[in-house]
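So you can see what is in the structure, the chains are spelled out below.
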Amino acid sequence: MQKIGVFVCHCGTNIAATVDVKKVVELVRYEPGVVFADDYMYMCSEAGQEKIIEAIKEYKLTGLVICSCSPRMHEKTFRACAEKAGLNPYMVEVANIREQCSWIHKDKEEATKKAVILARAAIAKVNLNTPLKEGESPVTKRALVIGGGIAGIQTALDIADAGYEVDIVEKEPSIGGRMSQFDKTFPTLDCASCILTPKMVEVNQHPNITLYTYSEVEKVSGYVGNFDVDIRKKARSVDADKCTGCGECSAKCPLGKIGNIPSEFDRGLRNRPAIYMPFAQAVPAVPVIDRANCTYFKTGKCGVCAKICPSKAVDYEQQDEIVTVKYGAIVVATGFDIINLDKFGEYAYNESPDVITSIELERLMNAAGPTGGHLERMSDHKQPKDIVFIQCVGSRCDSEEKGKPYCSKVCCMYTAKHAMLIKDHWPDTNITVFYIDVRTPGKNFDEFYRRAVEQYHVNYIKGQVGKVKPQPDGTLLVQAADLLDGKQINMKADMVVLAAAIEPNPGVRKIATMLTASIDNNNFLTEAHAKLRPVESPTAGIFLSGMAQGPKDIPETVSQAGAAAVKVIGLLAKDHLKTNPCTAQCDTLLCNGCSTCANVCPYGAITYDDVQVMDHGLRETRRVAQVNLALCQGCGACTSACPSGAMDLQGFSNRQITTEVDAICR
Amino acid sequence: MTELEKKIELIKEISGSDPYKCMRCGKCTASCPAYSEMDIKPHQFASYIIRGDLDELVESKAAWKCLGCFACIERCPRDVQPGKLVDATRQIVARQRGGDYLQPEEVPELLTEDLPQQLLVSAFRRYRR
Amino acid sequence: MAGSIMKYSYYPGCTLKNKAQDLDKYARSSALALGFELVEIPEWQCCGGVYPLGSDEIATKLSSVRALNYAKEQGQDLITLCSACHHVLKRVNDDMKNVEDIRTRANNYCGFEEAYAGETKVLHFLEVLRDVIGFDELAKKVVNPLEGKKIGAYYGCLTLRPGKILDFDDPENPKIMEDFIRALGAEPVIYSMRNECCGGYTSLKDPEFTKQRTEQIFDDSTGFGADCLITACPLCMFNLNKSDAKTKVPVYYFTELLAEALGVKEGA
């Protein structure tokens, strides 16, 4: 028989206001196995824990029941407390009389009755608990960062600087991400490339960082501390070891002049050749051949690039290569793009070349961009005199097919930035911003926006735009509402800029599935706890960095990247990880080899093996289930599915569950 | 519930729209072709209904001037469907005695040779209960 | 297409029998030339011209419910030409499919043998041309291509919105009428007022306002080079014709130009 101690917590008034804790203590004192019962104001406090430790020592307790808040809050606390007193931590059970009792009932009598029942069930279970021992699993001291934008780059640098090996896998030919496309960044108006490219070079040269560009993660298996990842290195058709980055191939590619392959980096505002580097400061400075559009790969003709390459680096025969690498931790930093604007025909984006998105504007204003930094209309290359900015295109939108329900966070700031930069260069330009609200939630952010209004005289009008109407003379007429002055206005514009909603990069869902990482309906990866654990996925060993987790600007991205790095370092610094001992166990004498358990296991933790079994004096070979204890998360699916009862879950055995039910139904 | 509160609840029910979703962005007002004719603007209907400002609503011309063209409904980012709120207001007024905007006696004067039936029927449906 | 002619239940609407007969007769003859027949359903009533938005209005939807049910009993799709009828029929159909309250009450009142639940497919004549015949096939049957004509399509508001329910075309950037114009051999003209309301029924009591709207429509379309407009709505046709805008151009029913291009205009 166990010697169980029961502690009932008041939790201030959280429990005590609705549950008569003293009565609970009275009623459970005589339950089978209980030798000690007490109540206290705050069991989780130092004083409360002292009481537990004293009781364990004095009454030589072999089991503990704590009636308190949810085990998600303090099970760990009480287990650690028991361990301190020399009691096996798995001889502790928590009866949740707060979230599942006092917080949801109003009637004190009812709530107290229920609390007693919950306590009884826990006591019945503890009577059957066994002192489980945690296992150990090793930790591979290498981290994987998926995504090579500013988030991925910063995370990788922080991990590498701490002395650990880290790999970056980036699907584009170069790292740099969205930030490399920007011109200047708010609120400091730093040139994006000037602050990004040094980091890109640092990443390339860092002894602890390996770059896999033009590569994608194809398969992930394993568990925290021991991931096995297949990386597909797509064929660049260029030998990176021979290439010097001279650029002759791109310069001479015939499709560069006569072709019509839109440049992804320049958002389709100009074309690029078939063999190309996305931008001049690309890291690595090795071009790729776009095989889908390359004449040689389509027709077998041309081959100019191979002929003129001074280093003989062009290799048409190059194949994709798959490498498998082991990692201890994985960081997802896959970034974002803007939404498709097909559902917003009222803004004439597809009709008029003079209606552009904010990212396209960044490319136009960038000195390395398609117009060399000259702001011109894409229709007639004249400089625009009247520019209208439309905010919240597709953000804060309730209709799923059209847009996104959330606020994209960065657009109010970047539009103020665009307006000021344009006014700075070309002071005669008239700029109007149509907004719903102006959101400036950062240090120096509101002052930044006020500068646009007070110093640069940007015209901010509260009200949305109904329609952008292209006119016969090539200008645009913007039909909008001025809500504060109570007017419907028709404003002439030479150029209209749409602040389109951001969304996580497509393809992130595939990655989340590979990692079994939580992802929400908006395709943002979910955190373990929105406030207290914002850079960790609920899946152990997966960490989140950057826009992949939620809309944020560059200062926040860099902060979060550092936070994710610290969590990774904390994991890699351990030599061993403790594994959960509440795992499934197969009684090989009962197992009939039906494979039901293996089919329902979400973690792929069960395999079938032929083992030697002694049954009734006969030695036999039988096909039975084997559980990989490191992969098993103790979910119990196999236990409930097993038709013969061979599979049981330690810590939550079939007997324990039935004894709890019996106690409840008494 | 007072009479007023009942009428407001009725407007919400008939319209099937939730005025609380409105974020006062003004896209409906920006899209409305009949804006110049309206005293209460499309974006204001939601707040009038939330405040229960029925007196001003029933006196408004706006309910009769709405063209029923669905531009505001198509473009509203919050699915408030302001056109439905306008129409529900119109119905509350039209369903009262003497609340019609068009009387049968007026029609003969307005008739012309080429006036299509569609015009008469639509006008009758919109201007009367 | 080979041999037997495809039949559709046809709902003409009140105006097509009277003030808008052109829209109707040219449609019938064009349909025959293209290999399908419009069979007018017996005992139809006026759709009401506007779709009643109130959630408690049932009686005003019943004429549409009856027409839809008749088509269902024939096992045919229901075709209509008038923009307003197209709008009302599709919206009532959507209610009957998705709104339990309306479906139950309408069925209780009508007492059909089998309850109607939105099974019928409602098609605008243009949708038949686009989805069943195909504009390429139509182009092949054109004998008098309308070469040199610059035609502005005037959609108005009732054919397109609400986009999700009418499912006719993209409400902000439609293509169906422009593709139709191209199939007839003419050049379509795109202008932003093509999907903006002409003023509709307000022309009865507020003709000055409607004149403002139609003037904008003519200014915009002719500004982009249109020398005529086509429409599918008798009310738009009336309002546009009443305009005294300086930029006014002739307005035709799309079926008239279709019949002309197919060479069946005379015998209609």
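This text follows the structure it describes.
All of these numbers come straight from a predicted model, not from anything done at the bench. (Residues numbered from 1 in each chain as written. Chains lettered and ligands numbered in written order. Predicted model: local features only at pLDDT ≥ 70, side-chain atom pairs only at ≥ 80, totals over all residues.)

1. A short note on the overall build of chain B
Helices and strands together make up the secondary structure of chain B, namely nine helices and zero strands. Listing the helices and strands of chain B from first to last along the sequence gives α-α-α-α-α-α-α-α-α. Compactness check: chain B gives a C-alpha radius of gyration of 15 Å against a globular reference of 14 Å for 129 residues, within 12% of the reference. When the backbone C-alpha atoms are referred to their principal axes, chain B occupies close to 45 × 35 × 20 Å. Expressed as a percentage of its 129 residues, the buried residues of chain B come to 53%. (Helix = DSSP H or I, 4+ residues; strand = E, 2+ residues; numbered from the N terminus. Rg over C-alpha atoms; globule rule 2.2 N^0.38 Å. Buried ≥ 20, exposed ≤ 12 C-beta atoms within 10 Å, placed from the backbone.)

2. Side note on the sheet that holds strand β22 (residues 430–435) of chain A
All names here are of chain A. The five strands are arranged β20-β27-β21-β22-β23 in an open sheet whose pairing can be described as parallel. With partners counted over all chains shown, the strands left at the sheet margins are β20 (355–357) and β23 (459–462), one partner each. Taken over all neighbouring pairs, the strand axes of this sheet differ in orientation by 25° on average, direction set aside. Examined bridge by bridge, strand β21 (residues 386–393) and β22 share five bridges and lie parallel to one another. (Pairing = 2+ DSSP bridges. Axes fitted to C-alpha atoms, helices over the stretch in contact; angles between N-to-C directions.)

3. Here's the deal with helix α19 (residues 654–665) of chain A
Residues and elements named next belong to chain A. Between its terminal C-alpha atoms α19 stretches 17 Å, which fits the 16 Å expected from 12 residues at 1.5 Å a residue. Of all the residues in α19, the buried ones are Q656, E660 and A663. Looking down the long axis of α19, one finds its buried residues gathered within 65° of arc, a one-sided arrangement. In α19, those exposed residues whose orientation departs by more than 90 degrees from the buried face are R655, T658, V661, D662 and C665. Those residues of α19 hidden inside the fold are in contact with α5 (108–127). (Expected span 1.5 Å × (residues − 1). Arc of directions from axis to C-beta. Contact = placed C-beta atoms within 7 Å.)

4. A look at the pairing of strand β1 (residues 4–9) of chain A
Residue and element names in this part refer to chain A. Counting buried positions along β1 gives six out of six residues, so the element sits mostly inside the fold. Of the two faces of β1, the one holding I4, V6 and V8 and the one holding G5, F7 and C9 are both buried throughout. Sheet topology note: the β1/strand β3 (residues 63–68) ladder contains five bridges and is parallel. Looking across to β3, one finds that I4 is bridged to G63. Handedness of the crossover joining β1 and strand β2 (residues 34–40) through helix α1 (residues 21–28) is recorded here as right-handed. (Right-handed = clockwise from strand over helix to strand, strands pointing away.)

5. Focus: the sheet that holds strand β3 (residues 78–80) of chain C
Residue and element names in this part refer to chain C. Here we have four strands laid out as an open sheet, ordered β2-β1-β3-β4, and parallel in their pairing. Of all the strands in the sheet, the pair left with one neighbour each is β2 (36–40) and β4 (122–124). Across the sheet, the axes of successive neighbouring strands diverge by a mean angle of 40°, strand direction being ignored. Looking at chain direction, strand β1 (residues 6–11) and β3 are connected through three bridges and run parallel.

6. A word on the nonpolar core
One broad rule of soluble globular proteins: the nonpolar side chains tend to lie buried together. All names here are of chain A. The biggest cluster of nonpolar side chains holds 256 residues, and the ones touching the most others in it are A143, V331, V332 and V496. Among the elements that make up this core, the one with the highest residue count is helix α13 (residues 411–425) (nine residues). Those residues within four positions of V332 in sequence are excluded, and the remaining contacts are I146, G147, I511, A517, L525, I542, L544, S545 and A548. Ranked by size, the runner-up nonpolar core spans 46 residues in total, among them I4, A37, V92 and L118. (Core = buried A, V, L, I, M, F, W, Y, C linked by C-beta atoms within 7 Å.)

7. Observations regarding the environment of A348 of chain A
Residues and elements named next belong to chain A. Structurally, the position occupied by A348 is in the loop between β19 (336–338) and β20. The exposure class assigned to A348 is buried, which follows from the 20 C-beta atoms found within 10 Å. Counting along the chain gives 148 residues from A348 to V496, while the straight-line C-alpha distance between them is 9.6 Å. Here A348 is in contact with V355, V468 and P470, once residues within four sequence places are set aside.

8. Digging into the interface of chain C and chain B
It is common to give the size of an interface as the accessible area that goes away when the parts come together. Of the residues lining the interface, 33 residues belong to chain C; the matching set on chain B comes to 29 residues. Broken down by secondary-structure element, the contributors of at least two residues to the side of chain C that touches chain B are α9 (207–223) and α10 (234–241) of chain C. Tallying contributions element by element places α10 of chain C first for the side of chain C that touches chain B, with three residues. In the side of chain C that touches chain B, the residues fall into 16 nonpolar, 11 polar and six charged. (Nonpolar A, V, L, I, M, F, W, Y, C, P; charged D, E, K, R; others polar.)

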